[in-house]
Amino acid sequence: MYNYSILNVLSFLTFIQFVLISLLEINRKKKIVRHLFSISLFLTFISYSFFTLFLLLNHESNYLSLILYLTLVIILFIYFACCMLDFSFVRLRFFFIPYFLFFIPICKSSIYLNKNINFYDLSFYENKLLSLHIIISLLSYSFLTVSSISSTAVLFQQRNLKLVLKRKINFFNSLPSIYEGEKITIRLLITTQFFLLMSLVTGFYYHKSLLYYQNFFSNEKFLLSTVTFLLICVLLLIRYFFGLTGKKIFSFVLLSFLFINIAYFGLKFTN
């Protein structure tokens, strides 16, 4: 319990540090501030990784809290990696911070839920196929989460351009351009499709190994994940052949994000 409290406080403090540094003006020329931002984000990722590892080693941890914390760690890592590869993601920090401020309290509160399902009852360590399926599913969810945040930034930028010049909000000048935002969103969606397809395939073979494959295609999670996959396919095809920008992309991504949230977390709260 003592170690748990220390890790909990440290992870919270590193996150607060990341938020405070993110409020500074960060651009390509200010390398010191950029490095501070990267370091603070990396420390946040490391601290929550250790906290999640502690939960994994604690056999009393419930399934929902572990899934939520694993998701948080993966999203933090994806965001950190994207910031290292493309400065445009650093400029999206004011959209990622509210998301983390919303998601982290949910993760913390889930620890205290009394769930009948224990993470270890699912034989996570013994069944490699199950482990692979869970990790791939969380990756697909995480990439879709990041793409939904970038598409939200594109929508705000588009609305900002429609305002009269004197009424334009200077805050949005720090965000990526509409072109950059749409390019980021599409690349993330393509990556999401890959992991989502792998998630469906591994999920099928896992159910088949348990002799439940007859009911797999009527499973709520499979149906919602399939709808998400098809929605993104439609979006990418329309985008490729006819062009699709701004609000329509945001609508497709938001709908896909809603379906996958219900599939991955909504069903777990009701079960």
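Everything numeric in this text was worked out from a predicted model, so none of it was measured. (Residues numbered from 1 in each chain as written. Predicted model: local features only at pLDDT ≥ 70, side-chain atom pairs only at ≥ 80, totals over all residues. Heavy atoms only, no water.)

Trainee: Go over the overall build of the protein chain with me, naming the residues and quoting the values.
Mentor: When helices and strands are tallied, the protein chain shows nine helices and zero strands. The helix and strand sequence of the protein chain, counted from the amino end, reads α-α-α-α-α-α-α-α-α. Buried positions account for 49% of the 271 residues belonging to the protein chain. Considering only contacts in the protein chain between residues 6 or more positions apart, those separated by 24 or more positions represent 79%. For the protein chain, the accessible area works out to roughly 14500 Å², and carbon and sulfur atoms hold 69% of it. (Helix = DSSP H or I, 4+ residues; strand = E, 2+ residues; numbered from the N terminus. Buried < 20%, exposed > 50% of the residue type's maximum accessible area, 1.4 Å probe, protein only. Contact = heavy atoms within 4.5 Å. Areas by Shrake-Rupley, 256 points an atom, 1.4 Å probe, with all protein chains shown as cover.)

Trainee: Mind laying out the side chain of Gln 193, listing which residues take part and the relevant values?
Mentor: Following the sequence through the fold, Gln 193 ends up in helix α6 (residues 178–209). Residue Gln 193 is classed as buried on the basis of its relative accessible area of 8%. Setting aside its immediate chain neighbours within four residues, Gln 193 contacts Phe 229, Ile 232, Cys 233 and Leu 236.

Trainee: Which residues make up the packing of helix α2 (residues 31–57) against helix α3 (residues 63–85), and what values do they have?
Mentor: Two elements in contact, α2 and α3, have axes whose closest approach is 9 Å; the angle formed by their N-to-C orientations is 155°. Classified by the angle between their axes, α2 and α3 sit roughly antiparallel to one another. Note that α2 runs across α3; the crossing there is left-handed. Between α2 and α3, the contacting residues are Phe 37, Ser 38, Leu 41, Phe 42, Thr 44, Phe 45, Tyr 48, Ser 49, Phe 51, Thr 52, Leu 55 and Leu 56 on the first element and Leu 66, Tyr 69, Leu 70, Leu 72, Val 73, Leu 76, Phe 77, Tyr 79, Phe 80, Cys 83 and Met 84 on the second. (Axes fitted to C-alpha atoms, helices over the stretch in contact; angles between N-to-C directions. Parallel < 35°, antiparallel > 145°, perpendicular 65-115°, else oblique. Left-handed = near helix turned anticlockwise from the far one by under 90°.)

Trainee: Break down the side chain of Arg 93 for me, citing the residues and quoting the values.
Mentor: Tracing the sequence through the fold places Arg 93 in helix α4 (residues 93–110). The side chain of Arg 93 is buried and forms no salt bridge, while Glu 25, the nearest opposite charge, is found at 7.9 Å. Those residues in contact with Arg 93, other than ones at most four positions away along the chain, are Ser 22, Leu 24, Glu 25, Ile 26, Phe 37, Tyr 79 and Pro 98. (Lys, Arg positive; Asp, Glu negative; His and termini not counted. Salt bridge = Lys/Arg side-chain N within 4 Å of Asp/Glu carboxyl O.)

Trainee: Requested: an account of the packing of aromatic side chains, with residues and values cited.
Mentor: Tallying each qualifying case throughout the model produces 13 aromatic pairs. By the ring-pair criterion, three or more aromatic residues cluster together here, those being Tyr 79, Phe 96, Tyr 99, Phe 100 and Phe 103. Sitting over the face of the ring of Phe 51, Lys 108 holds its NZ or CZ atom 5.8 Å from the ring centroid. (Phe/Tyr/Trp six-rings, centres within 6.5 Å; stacked < 30°, edge-to-face > 60°. Lys NZ or Arg CZ within 6 Å of the ring centre and 35° of its normal.)

Trainee: An account of the nonpolar core is requested, with residue identities and associated values reported.
Mentor: Within the largest apolar cluster, 57 residues are counted, with the highest numbers of intra-cluster contacts made by Phe 18, Phe 37, Leu 72, Tyr 79, Phe 89 and Phe 100. Contributing elements (two or more residues each) for this core: α1 (2–22), α2, α3, α4, α5 (128–162) and α6. When residues of this core are assigned to their parent elements, the largest contribution, 17 residues, is made by α3. Those residues in contact with Phe 100 that lie beyond four places of it in its chain are Phe 15, Phe 18, Leu 72, Ile 75, Leu 76, Tyr 79 and Pro 105. Leu 144, Ile 232, Leu 235 and Leu 236 belong to the second largest nonpolar core, which has seven residues in total. (Core = buried A, V, L, I, M, F, W, Y, C linked by side-chain atoms within 4.5 Å.)

Trainee: Give a description of the packing of α3 against α4 that names residues and reports values.
Mentor: Where α3 meets α4, the closest approach of the two axes is 9 Å, and the angle between their N-to-C directions is 160°. When the axes of α3 and α4 are compared, the pair comes out roughly antiparallel. The two elements α3 and α4 meet at a crossing, and its hand is left-handed. Along the contact surface, α3 presents Ser 65, Leu 68, Tyr 69, Thr 71, Leu 72, Ile 75, Leu 76 and Tyr 79, while α4 presents Arg 93, Phe 96, Tyr 99, Phe 100, Phe 103, Ile 104, Ile 106, Cys 107, Lys 108 and Ser 110. Considering only residue class, the contact of α3 with α4 consists of 13 nonpolar, three polar and two charged. (Nonpolar A, V, L, I, M, F, W, Y, C, P; charged D, E, K, R; others polar.)

Trainee: Tell me about α4, and please be specific about residues and values.
Mentor: Its 18 residues give α4 an end-to-end C-alpha distance of 25 Å, which sits within 8% of 26 Å, the value for a rise of 1.5 Å per residue. For α4, the complete set of buried residues consists of Arg 93, Phe 95, Phe 96, Ile 97, Tyr 99, Phe 100, Phe 103, Ile 104, Cys 107, Lys 108 and Ser 110. (Expected span 1.5 Å × (residues − 1).)

Trainee: Tell me about the confidence of the model for the protein chain, residues and numbers included.
Mentor: This prediction gives the protein chain a mean pLDDT of 76; 71% of its residues lie at or above 70. Taken element by element, the protein chain is modelled with least confidence in helix α7 (residues 213–216), mean pLDDT 56, and with most confidence in α2, mean pLDDT 90. The low-confidence segment residues 267–271 (pLDDT under 50) makes 13 contacts with residues lying over four places distant or belonging to another chain. (pLDDT = per-residue confidence, 0-100.)

Trainee: Pulling in residues and values, what's your account of a nonpolar patch on the surface?
Mentor: A surface patch of nonpolar side chains, amounting to about 720 Å² of accessible area, comprises Ile 6, Val 9, Leu 10, Phe 12, Leu 13, Ile 16, Leu 20 and Leu 23. Mapped onto the fold, Leu 10 is located in helix α1. (Patch = residues over 30% accessible without salt bridge, like charges linked within 9 Å, V, L, I, M, F, W, Y side chains within 5 Å.)

Trainee: Got a sec to walk through the environment of Leu 132? Specific residues and values, please.
Mentor: Along the chain, Leu 132 turns up in helix α5. Of the residues examined, Leu 132 reaches a relative accessible area of 41% and is grouped as partly exposed. In the structure, Leu 132 is positioned 71 residues away from Gly 203 in sequence and 9.3 Å away in space, judged by C-alpha atoms.

Trainee: Lay out the state of the cysteines with the relevant residues and their values.
Mentor: Here is the idea: a disulfide is a covalent bond, and it sits between the sulfur atoms of two cysteines. Counted according to the given criterion, the structure contains zero disulfides. There is no disulfide at Cys 82, and the cysteine sulfur nearest it, in Cys 83, is 7.1 Å away. (Disulfide = S-S within 2.5 Å.)

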